[in-house]
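Architecture and fold: a report
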Amino acid sequence: MEAATVPLSRSTSLRRLREAGGRYVLIALLLVLPVAYGIQDLSQTGNLSRLGNNLVDGLSNGAIWALVAIGYTLVYGIIELINFAHGEVFMIGSFVAAGFFGTIGLTAAAGPAGLLVGLVLTLIACMAASGVLNVMIERVAYRPLRGAPKLAPLITAVGMSFILQNVGLLWLGGSPEGIVDLIRSQEVFFTFAGVEVSNGDVLALAVTIPLILLMTAFIGGTRLGKAMRATAQDPDAARLMGINVDTTISMTFLLGGMLAGAAGLIYALYQTTIWYFQGFTAGLIAFTAAVMGGIGNIKGAVLGGFIIGFIQQISDNRIGSSWTPAVVFAYLVLIMVFKPSGLLGEQTREAG
Amino acid sequence: MLELHDIRTFYGNIEALKGVSLSVDEGECVTLIGSNGAGKSTTLRSISGLTPPRFGQILFHGRDIARVPPQEIVRLGISQSPEGRRCFQRMSVQENLDMGAYLRRDKEIDADRAHVYELFPRLQERRTQKAGTMSGGEQQMLAIGRAMMARPKLLLLDEPSMGIAPILVERIYETIAEINRQGTTILLVEQNANYALGVSHRGYVLETGRVVLTDASSSLRENPEVQRAYLGT
Ligand SMILES: Nc1ncnc2c1ncn2[C@@H]1O[C@H](COP(=O)(O)OP(=O)(O)O)[C@@H](O)[C@H]1O
Ligand SMILES: [Mg+2]
């Protein structure tokens, strides 16, 4: 918690030059795929609708990663811990969604109004379940180790992740489970300039964007949001202000878990298959998004989520889906080389 | 107002306070001096509940607060400007001050903020600036102002002169004296005893976790041992 030692060997002007140069390199790096394929599309078909479709799909996929990534970043920001069980919290969100559809008897036959009400109720259920689960994880696995060396909670985090995977395994078995395609997610909702926007895309953005806006407003504007920011910057100073740091940490896990639960619902509706291992993959991708954007920074997590969504879609569609993980991580490595703190990084406690 | 009875505080197995007793009366300014590692900060951290003592009593207005959590201690009227200032680096001056009033819901917060700006005009000039971009002296003013925003009955100050240009130290000490004159009781911790013994009524000398000497500040200033060890004369 002491101010970290910043290497002072290089002169600051040189560093600034590198930072400024780095920024342009980063922007160029991020634009290279869309620009290259955009030119290719234009020369072959005379329009950009294929690239447009990639971007729309990337946006809706990225929305899921962004929601999960915020949970990583919030928790890291406040207690400097990678909550490895976070992917599983997302997975449980999907499972609760599937279970809840059955419980309230929601089927595709419900009609638009029934479907809307049913989905809103399911969203609340998923957010509540994942939020509470995340709070419990912190209570059981992290809080008792608050004063312990940093490796200790890291390993209990990995342990929690395995435990929850096994819960998923017992719940729905070891193979992917198809669930009802309630919203006919692949059906085209509307077409704009040759770009098809599906029901799934609309759902993903209609849930994600308001949630992210609400969440930013909450952290920026409420008393609890202030307490979260203060605790993230200096827990002992926060205590001296009269902030209950334990409660604040619990609330942070609650918020992160709720967003992961919402992502779980979107994922279930969008993919229409769920299984116990989905949290591992999604967790890894979302964690990558959080690091890419600058861990500890909420805007960074959202940005990272959307960027990875785009890269994945472009790679799936153009390079081949077996290359996608390699392409994503190549991007991560390149970004880290030019900006080790991530795209919007440096707003973490060590840097402060 | 505040009484410490033989408190013993530990960091793991290390006993940092080996039985400290002291008292502060309403309206007083009391100082605790001692060299680096003597246990001064640990004493203040024990009072604030950050590192509660394992043994002993801390009475505040007669009530034992030794095991009361930090946020309740602030609510009871004890606030602290900690060692190293610990301002919220990425918040503005005004946001930092408002964090100091975190537990308050009354209508006089604005008036109190104005009062802090009166005490430290420099803070008003910088009110939109991020704390992290200010000098050490300015951050020290902010830390004290932030602690004042809790409207404390007892103000704990941990080494307000540490790492600050002498001219600013003088200004800060004038303000500390002023805060005390206006009625806030102060317990002041210092390594550099020159200023501390100047503003305080009484003093305690701490050595390796024990109080070794206590007297009126004016007498402590005349004490040859104190002069040699803490006054650099
Ligand atoms: N976080 C800590 N962990 C272990 N030992 C500590 C810690 N903080 C302080 N100490 C030890 O407790 C003793 C008193 O420290 P402190 O109260 O900071 O002294 P002072 O404020 O008088 O310089 C010292 O021996 C110090 O090494
Ligand atoms: Mg100290």
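Thresholds, definitions, all that
Counting of residues starts from 1 at the beginning of each chain's written sequence and follows it residue by residue. A letter from A marks each chain and a number from 1 marks each ligand, given out in the order of writing. Where totals are concerned, whole chains, interfaces and linings use all residues; where local detail is concerned, this predicted model gives features only for residues with pLDDT of at least 70, and gives and counts side-chain atom pairs only at 80 or more. Residues are counted as near a molecule or strand when the C-beta atom, derived from backbone positions, lies within 6 Å of that molecule or strand. The helix count covers DSSP runs of H or I at least four residues long, the strand count covers runs of E at least two residues long, and both are numbered beginning at the N terminus. Polar here means any residue other than Ala, Val, Leu, Ile, Met, Phe, Trp, Tyr, Cys and Pro, which are nonpolar, and Asp, Glu, Lys and Arg, which are charged; Gly is therefore polar. Note on burial: count the other C-beta atoms lying within 10 Å of the residue's C-beta; 20 or more is buried, 12 or fewer is exposed, in between is partly exposed, and C-beta positions come from the backbone. This arc is built from the directions going out from the helix axis to the C-beta atoms. Note on contacts: residues are paired as contacts if their backbone-placed C-beta atoms lie within 7 Å. Whether two strands pair comes down to DSSP finding at least two bridges between them.

Quick notes on the site of ligand 1
All names here are of chain B. Taken together, Tyr11, Ile14, Ala16, Gly34, Asn36, Gly37, Ala38, Gly39, Lys40, Ser41 and Thr42 make up all the residues around ligand 1. Of all elements in the fold, only strand 2 (14–24) and helix 1 (40–48) reach the threshold of two or more residues within the shell around ligand 1. Examining the composition of the shell around ligand 1, we find that three residues originate from one element, helix 1, more than from any other. Its residues assigned to classes, the shell around ligand 1 shows four nonpolar, six polar and one charged.

Overview of helix 4 (residues 109–119) of chain B
Residue and element names in this part refer to chain B. Taken residue by residue, helix 4 has Arg113, Val116 and Leu119 as its buried positions. On an axial view of helix 4, the arc spanned by its buried residues comes to 115°, and they lie on one face. In helix 4, the exposed positions angled more than 90 degrees off the buried face are occupied by Asp110, Ala111, Ala114 and Glu118. Buried-residue contacts for helix 4 involve helix 3 (93–100), helix 5 (121–125), helix 6 (136–148) and helix 7 (166–181).

Digging into the environment of Asn199(A)
All names here are of chain A. Within the secondary structure, Asn199 sits in helix 6 (residues 199–221). In sequence terms Asn199 and Arg184 are 15 residues apart; their C-alpha atoms lie 6.7 Å from each other. Contacts of Asn199, omitting those with residues within four sequence positions, involve Ile183, Arg184, Ser185, Glu187 and Phe189.

A word on the interface of chain B and chain A
Counting from both sides, the interface comprises 19 residues of chain B and, opposite them, 14 residues of chain A. Put simply, the parts of the chain that give the side of chain B that touches chain A at least two residues each are helix 2 (70–76), strand 6 (78–81) and helix 3 of chain B. The greatest single-element share of the side of chain B that touches chain A, amounting to four residues, is contributed by helix 2 of chain B. Residues of the side of chain B that touches chain A, tallied by class, amount to nine nonpolar, seven polar and three charged.

Looking at the pairing of strand 4 (residues 55–60) of chain B
Residue and element names in this part refer to chain B. Note that strand 1 (residues 2–11) and strand 4 share five bridges and pair antiparallel. Bridge pairing in strand 4 places Glu3 opposite Leu59. Taken together, the two bridges between strand 4 and strand 5 (residues 63–64) define a ladder with antiparallel strand orientation. Bridging across to strand 5, Phe60 finds its partner in Arg63. Taken together, strand 4 and the strand that follows it, strand 5, pair antiparallel across an intervening segment of two residues, in which His61 is found at a positive phi of about 50°.

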